[in-house]
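# Observations on the three-dimensional arrangement
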Amino acid sequence: MKSRRDFDFVQQNPDNAAAIVITSDLHVIAEAKVDFDGDFGAKYGITKGVYVVPAESEVYAPVAMWLEALDLVLVRLKEKISLENIKGISGSCQQHGSVYWARGAEGKLGALSAEKSLVEQLKDSFSHPYAPNWQDHSTDAEVEQYNAKLGDSEKLAEATGSGAHHRFTGPQIMRLRRKLPEMYGNTERIALVSSFLASVFLGKYAPMDISDACGMNLWDIPNAKWNESLLELTAGPDGVDELRQKLGEVRKDGGGSIGSIDNYFVSKYGFGADCQIAPFTGDNPATILALPLRPLDAIVSLGTSTTFLMITPYYKPDPAYHFFNHPTTPGQYMFMLCYKNGGLAREKVRDTLPKPESGDPWANFNRAVLDSPPLDVASESDRAKLGLYFYLPEIVPNIRAGTWRYTCNAADGSDLSEFQDKDGWGPEKDARAIVESQALSMRMRSQKLVHSPREGLPPQPRRVYLVGGGSLNPAIARTMGEVLGGAEGVYKLDVGGNACALGGAYKAVWALERAEGESFDELIGKRWKEEGAIQKVDEGFRDGLFQRYGNILGAFDALERNILAEK
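Nothing here was measured: the structure is a model prediction, and the numbers come from that model. (Residues numbered from 1 in each chain as written. Predicted model: local features only at pLDDT ≥ 70, side-chain atom pairs only at ≥ 80, totals over all residues. Heavy atoms only, no water.)

## Side note on the sheet that holds strand E26 (residues 490–493)
Strand pairs in the sheet, formed through backbone hydrogen bonds, run parallel or antiparallel to each other. The strand order E20-E21-E19-E18-E25-E26-E27 describes an open sheet built from seven strands, whose pairing is mixed. Either end of the sheet is taken by a strand with one partner, and the two such strands are strand E20 (322–325) and strand E27 (534–538). For this sheet, the mean inter-axis angle between neighbouring strands, taken without regard to orientation, is 25 degrees. Relative to strand E21 (residues 333–339), E20 runs antiparallel, the two being bridged by four bridges. Note on E21: the bridge partner recorded for Phe 324 is Met 334. Packed onto the sheet, helix H17 (residues 427–446) meets strand E18 (297–302), strand E19 (306–312) and E21 and runs at close to 150 degrees relative to E21. Packing against the sheet, helix H18 (residues 474–484) makes contact with E18, E19, strand E25 (463–467), E26 and E27, and its axis sits at approximately 75 degrees to E27. (Pairing = 2+ DSSP bridges. Helix = DSSP H or I, 4+ residues; strand = E, 2+ residues; numbered from the N terminus. Axes fitted to C-alpha atoms, helices over the stretch in contact; angles between N-to-C directions. Contact = heavy atoms within 4.5 Å.)

Now the structure itself:
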């Protein structure tokens, strides 16, 4: 008798493939990993898992390598644990990437032999041997047409949750159809990377996941269907039905089973024949499941770039950010902001300060932040200082590289004016201003999506969770709490090195063990233990100070608009 209920999760990132096994009570019991460069770099000639063609700004990966990686990661996992007790499998893969199954491929998927490898049997099953990667920037012309098709980028965002982006799947399909018409004609099914991987486990084509489909610029979120006008743009007036057939259906329920595991994996690796496949999703949706986040909770990822994630019941899209359907909960949405100028920008400011005598390179930066008053306002006569520090062209807002310093009336944000001293106001004040500006941008863009977490409090997140390298910095944590609030505080989150892997594993548990009508939050919330995963690092909301930052949000918005107007 199988007494354990284990859940396997297979993750495929741009540079590695990983598998993680957890029990029903969410304990991790085994992990395995394949590094694309380390294991397959010599064979495929890839770097960081991809090929780069600068002349056309193309970035793509060989699909055959992914097949080899899946076999290899399961070999390594089997060395650590028996796979017969695994009850279900879910997966998380890089968003936006696409895989092109050739005509007749589904028949090959359903006839796999355990005597041969996946790549031996499926390498010729793709009309295109490569999958465009999320870093690809080859779709300038297509992005322009996508933004114009429904009127402008605002209308596109209203329909699909995002303005047009180079990496999004719709523009990628449109470009490949134009560039490789024979390949497109020979394509039977277009898969996202997540539905591709699920298909291999199923032995037949798997449906796309509704949350992952939101990263395509093709899925009409308010109407929960493919957008006819965007299908026509992508495939031409006579190709709409054909493209719809190639895309297949989108699964709107993130739970349940989409089928039993294919016999290839039963015979070759010892999975039980009753092992079920749950819907696979993208890496960003899976990340928000790792806590799991509750409505009004926010994650701030403080890495090289900065990402702000929040769950909200409000669908209020804008081209400057992304909305996705929640991967498990109907009626909820995932809100995401992506900034290029995150940790690297903070490092640039840090390095203008004297080098610390201690071993901590951030010591002087942190001291400057903590010793400076909020907005550098120490008395009623002081003007608030606001700055933008973009060492790279920014995504949110779409502003060129540069540094701008402004001041305004601290009481209400009026009288915004550019700081006149060309030498700036000094690196100590820049240290505080750059952290404040990054937090102010997040607060300004999320303010319509939050409400009061309890009576008597202004609208703000319930909790703010910090992840990534910057989450260890006390000065950044304090400033994030001062600006963003957080009624229950600011927390450092550590779920190990692979949050999206863990989120996918949790999704498998919920998908296959939920009771009738039981939500992801209800099931996982009863089993998830905060101990060891989160640590409170700041009190968050400070009455009075939080409102002072709110008073100058209009000035911060005007600052950005001034620079955009100059462009």
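## Thoughts on the packing of aromatic side chains
Working definition: an aromatic ring pair is given by the centre-to-centre distance plus the angle between the planes. Enumeration over the complete set of coordinates arrives at 28 aromatic pairs. Ring geometry for Phe 201 and Phe 280: centres 6.1 Å apart, planes at 50 degrees, overall tilted. Placement of the pair is Phe 201 in helix H9 (residues 193–202) and Phe 280 in the loop between strand E16 (276–277) and strand E17 (281–282), with a sequence separation of 79 residues. Classification of Phe 201 by relative accessible area gives buried; the value is 0%. Exposure remark for Phe 280: the relative accessible area of 2% places this residue in the buried category. Centre to centre, the rings of Phe 323 and Phe 335 are 5.5 Å apart; their planes meet at 55 degrees, and the pair counts as tilted. (Phe/Tyr/Trp six-rings, centres within 6.5 Å; stacked < 30°, edge-to-face > 60°. Buried < 20%, exposed > 50% of the residue type's maximum accessible area, 1.4 Å probe, protein only.)

## Looking at the domain arrangement of the chain
When its domains are assigned, the chain resolves into domain 1 (6–285) and domain 2 (343–443 + 545–565). The straight-line distance from the C-alpha centre of domain 1 to that of domain 2 is 41 Å. (Domains from an automatic or database assignment.)

## Describing helix H1 (residues 36–44)
Those residues of H1 not exposed but buried are Phe 36, Phe 40, Gly 41 and Tyr 44. With its buried residues spanning 135 degrees around the axis, H1 presents them on a single face. Pointing more than 90 degrees away from the buried face of H1 are the exposed residues Gly 38 and Ala 42. Two residues or fewer past H1, Gly 45 is found with a positive phi of approximately 70 degrees. (Arc of directions from axis to C-beta.)

## Overview of empty space enclosed by the protein
Scanning the entire structure with this criterion turns up four cavities of 30 Å³ or more. The computed volume of the largest cavity comes to approximately 120 Å³. Lining the largest cavity are 17 residues, with Tyr 339, Asn 341, Phe 390, Ser 437 and Gln 438 positioned closest to its centre. Looking at the lining of the largest cavity, the elements with two or more residues in it are strand E22 (384–390), H17 and helix H22 (553–566). Of the volumes computed, that of the second largest cavity is approximately 80 Å³. Forming the walls of the second largest cavity are Val 10, Gln 11, Gln 12, Ala 17, Phe 36, Trp 66, Ala 69, Leu 70, Val 73, Cys 93, Phe 196 and Leu 197. When residues in the lining of the second largest cavity are grouped by element, the largest group, four residues, is from helix H2 (residues 63–78). Of the residues in the lining of the second largest cavity, the class split is ten nonpolar, two polar and no charged. (1 Å grid on protein atoms, 1.4 Å probe; cavity = no way out; pocket = protein on both sides within 12 Å on 5 of 7 lines; lining within 4 Å. Points joined across faces, edges and corners; volume = space filled by probe spheres on them. Nonpolar A, V, L, I, M, F, W, Y, C, P; charged D, E, K, R; others polar.)

## Brief notes about the state of the cysteines
Considering all chains together, one arrives at zero disulfides under this definition. Here Cys 93 is not disulfide-linked; the sulfur of Cys 500 is the nearest cysteine sulfur, at 9.5 Å. (Disulfide = S-S within 2.5 Å.)

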